[in-house]
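Fold and contact review
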Amino acid sequence: MAYQNILAEIRSQVLYVTINRELKLNALNKETLAELADVIAFAAHNDEVRAVLLTGAGEKAFVAGADISEFAAYTAEQGEVLARNGQNSVFDAIENCPKPVIAAINGFALGGGLELAMACHIRVASENARLGLPEVSLGLIPGYGGTQRLTQLVGKGRAIEMITTADMITAAHAEKIGLVNHVVPAAELLSKVEEILAKIKLRAPLAIASAVKAVNASLLFDENGFETEIREFGKCFDTNDFKEGTTAFLEKRKPAFLGK
Ligand code: COA
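These figures come from a predicted structure and were not determined experimentally. (Residues numbered from 1 in each chain as written. Predicted model: local features only at pLDDT ≥ 70, side-chain atom pairs only at ≥ 80, totals over all residues. Heavy atoms only, no water.)

What about the site of the ligand?
What counts is decided by this rule: Whether a residue is near a molecule or strand depends on its heavy atoms: if one lies within 4 Å, it is near. Polar contact criterion, stated in full: a pair of N or O atoms within 3.5 Å, where within protein one must be able to donate a hydrogen and the other to accept it, and residues adjacent in sequence count only if both atoms are side-chain atoms. Accessible surface area values rest on a Shrake-Rupley calculation with a 1.4 Å probe, where residue burial reflects the displayed protein chains alone. The nonpolar class holds Ala, Val, Leu, Ile, Met, Phe, Trp, Tyr, Cys and Pro. Asp, Glu, Lys and Arg form the charged class, and all remaining residues, Gly among them, are polar.
The full set close to the ligand counts 15 residues, and Lys24, Lys60, Ala64, Ala66 and Ile68 are the nearest of them. Here an oxygen atom of the ligand sits 2.5 Å away from a polar atom, N or O, in the side chain of Lys24. Interatomic distance of 3.0 Å between a backbone N/O atom of Ala64 and a nitrogen atom of the ligand. Compared with its free state, where it exposes 860 Å², the ligand has 59% of that area covered by protein. Here the shell around the ligand is built from residues that sort into 10 nonpolar, one polar and four charged.

Here you go:
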């Protein structure tokens, strides 16, 4: 897949996406966001892709935020459009992707970078990663879902402290408060994510999509998550994967799921 600001390739049913603006610490400019929106839509619909691994180029940054140079002269109206478009096409699209998206946080995850990682379903960080939402030091607040997703992940008190102080926290601290799932030495980051992906790839793809949808519904105010779970649970019974999973269990063999 040919993009200017990201690298994207499918290997062993995983779409590897690398934000590739190393000299700008992978800051999210408009083109990068448009390419991310495109690649996530591709992942959602392509049958070969079972999961997505999202990381940043180089050893210093995952993503050091939205590209500050682009919005320095924006009005209130332009700012609102920026946040709304970004949330719809990238951040919410990642959260609602039926394929699990794992962030491999390989360095700074700041502002829009941490918001991007928080939109992912699972976060694994390298020991050198630093995470924060420093927007108030620019006279802004997080605009890509950060106030909502940080609160969901770490609770209101910790979220307000991180956002109002603009403090960067270490990967170890992020793991302690539930902001990342695992912390590993930098050299082991991709292999740790691939270890998680290897397990996900053995499971039933449609059941995984239903599980993501039902878990996401737990955080929606306009939806009853228990109802979503009941519906998604019921849908699973009509899949070939369910028949394969139960038959394989009864025949004492490993299932071969086709995502149908
Ligand atoms: N937007 C635009 N450019 C950015 C950027 C961002 N969010 N973050 C880093 N860059 C650019 C720098 O301007 C610099 O470009 P230059 O070499 O052309 O001058 C390059 O990336 C390297 O960054 P630099 O600041 O020199 O690296 P550092 O090691 O001294 O500091 C950070 C690293 C992450 C602490 C620092 O870059 C930073 O604070 N970035 C902004 C973080 C932020 O506020 N994000 C939220 C945005 S809403």
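Continuing now.
Observations concerning the pattern of salt bridges
Short version of the rule: What counts as a salt bridge is simple: a side-chain nitrogen of Lys or Arg found within 4 Å of a carboxyl oxygen of Asp or Glu. Secondary structure elements are taken from DSSP: a helix is a run of H or I of four residues or more, a strand is a run of E of two residues or more, and numbering for both begins at the N terminus. Three exposure classes are used, based on accessible area relative to the maximum for each residue type with a 1.4 Å probe and protein chains only: buried under 20%, partly exposed in between, and exposed over 50%.
Within this structure, the stated rule accounts for 10 salt bridges. The shortest N-O distance in the salt bridge between Asp92 and Arg149 comes to 2.8 Å. Residue Asp92 is found in helix α3 (residues 76-95), and its partner Arg149 is found in helix α5 (residues 146-154); the two are separated by 57 residues along the sequence. Arg149 gets classed as buried once you look at its relative accessible area, which sits at 6%. Residue Glu251 pairs with Arg253 through a salt bridge whose shortest N-O separation is 2.8 Å.

A word on the confidence of the model for the protein
Worth spelling out the cut-off: Here pLDDT means the predictor's own confidence in every residue, given as a number from 0 to 100.
Here the protein averages 97 in pLDDT, and 100% of its residues register 70 or above. Mean pLDDT per element in the protein: helix α2 (residues 68-71) is the minimum at 94, and strand β5 (residues 101-105) is the maximum at 99.

Quick word on the packing of helix α1 (residues 30-45) against α3
How two helices sit against one another is set out by the angle between their axes and by the gap between those axes. For the record, the criterion: Where helices are involved, their axes are fitted lines through C-alpha atoms of the stretch in contact, as for all axes, and angles between N-to-C directions lie from 0 to 180°. For a crossing to be left-handed, the near helix must be turned anticlockwise from the far one by less than a right angle; the clockwise case is right-handed. Whether two residues are in contact is decided by their heavy atoms, any of which lying within 4.5 Å being enough.
The contact between α1 and α3 brings their axes to 8 Å, and the two run at 35°. By crossing handedness, the relation of α1 to α3 is classed as left-handed. Contacts between α1 and α3 involve Leu33, Leu36, Ala37 and Ile40 from the former and Ser89, Val90, Phe91, Ala93 and Ile94 from the latter. For the contact of α1 with α3, the residue count by class is eight nonpolar, one polar and no charged.

Structural notes on the sheet that holds strand β4 (residues 61-63)
In plain terms, the rule: Two strands are said to pair when DSSP picks up at least two bridges between them.
The mixed open sheet is built from four strands, whose spatial order is β4-β6-β8-β9. Looking along the sheet, the strands with just one partner apiece sit at the ends: β4 and β9 (169-170). By the bridge criterion, two bridges tie β4 to strand β6 (residues 108-110) in an arrangement that is parallel. For Ala61, the partnering residue across the bridge sits in β6 and is Phe108.

Observations regarding the state of the cysteines
For clarity, the threshold we go by: The definition used for a disulfide is geometric: two cysteine sulfur atoms within 2.5 Å.
Following the criterion strictly, the structure yields zero disulfides and no others. As a non-bridged cysteine, Cys120 has Cys97 as the owner of its nearest cysteine sulfur, 9.7 Å distant. With no disulfide of its own, Cys236 has Cys97 as its nearest cysteine by sulfur position, at a separation of 17 Å.

A look at empty space enclosed by the protein
What counts, and what does not: A 1.4 Å probe that fits into a set of points on a 1 Å grid over the protein atoms alone but cannot get out defines a cavity; an open set with protein on both sides within 12 Å along at least five of seven lines defines a pocket, and lining residues are those with an atom within 4 Å of a point. Grid points are joined across faces, edges and corners, and a volume is the space filled by probe spheres set on the points.
Scanning the model with the defined rule gives one cavity of 30 Å³ or more in all. Roughly 50 Å³ of volume is contained in the largest cavity. Leu28, Asn29, Lys30, Leu33, Ala66, Asp67, Glu70, Phe71, Leu82 and Tyr144 are the residues that line the largest cavity. Grouping the amino acids of the lining of the largest cavity by side-chain chemistry returns six nonpolar, one polar and three charged.

What to know about the domain arrangement of the protein
Applied cut-off: Domains are outlined according to an automatic or database domain assignment. Note on terms: buried area is the combined drop in 1.4 Å-probe accessible area of two parts once they are placed together, counting the loss on both.
Parsing the protein into structural domains produces domain 1 (6-201) and domain 2 (205-250). Domain 1 and domain 2 are separated by 26 Å when their C-alpha centres are compared. In this complex, domain 1 contributes nine residues to the contact, which on the side of domain 2 involves six residues. Interface of domain 1 and domain 2: buried area, both sides summed, is about 600 Å²; carbon and sulfur atoms make up 64% of it. Considering only the surface of domain 1 that becomes buried against domain 2, Arg50, Pro98 and Gln152 emerge as the three largest contributors, covering 52% of it. For the interface between domain 1 and domain 2, the tally reads zero salt bridges. Linking domain 1 with domain 2 are one residue pair in polar contact (both at pLDDT 80 or more), by the criterion used here. For the side of domain 1 that touches domain 2, the per-class residue count stands at four nonpolar, three polar and two charged.

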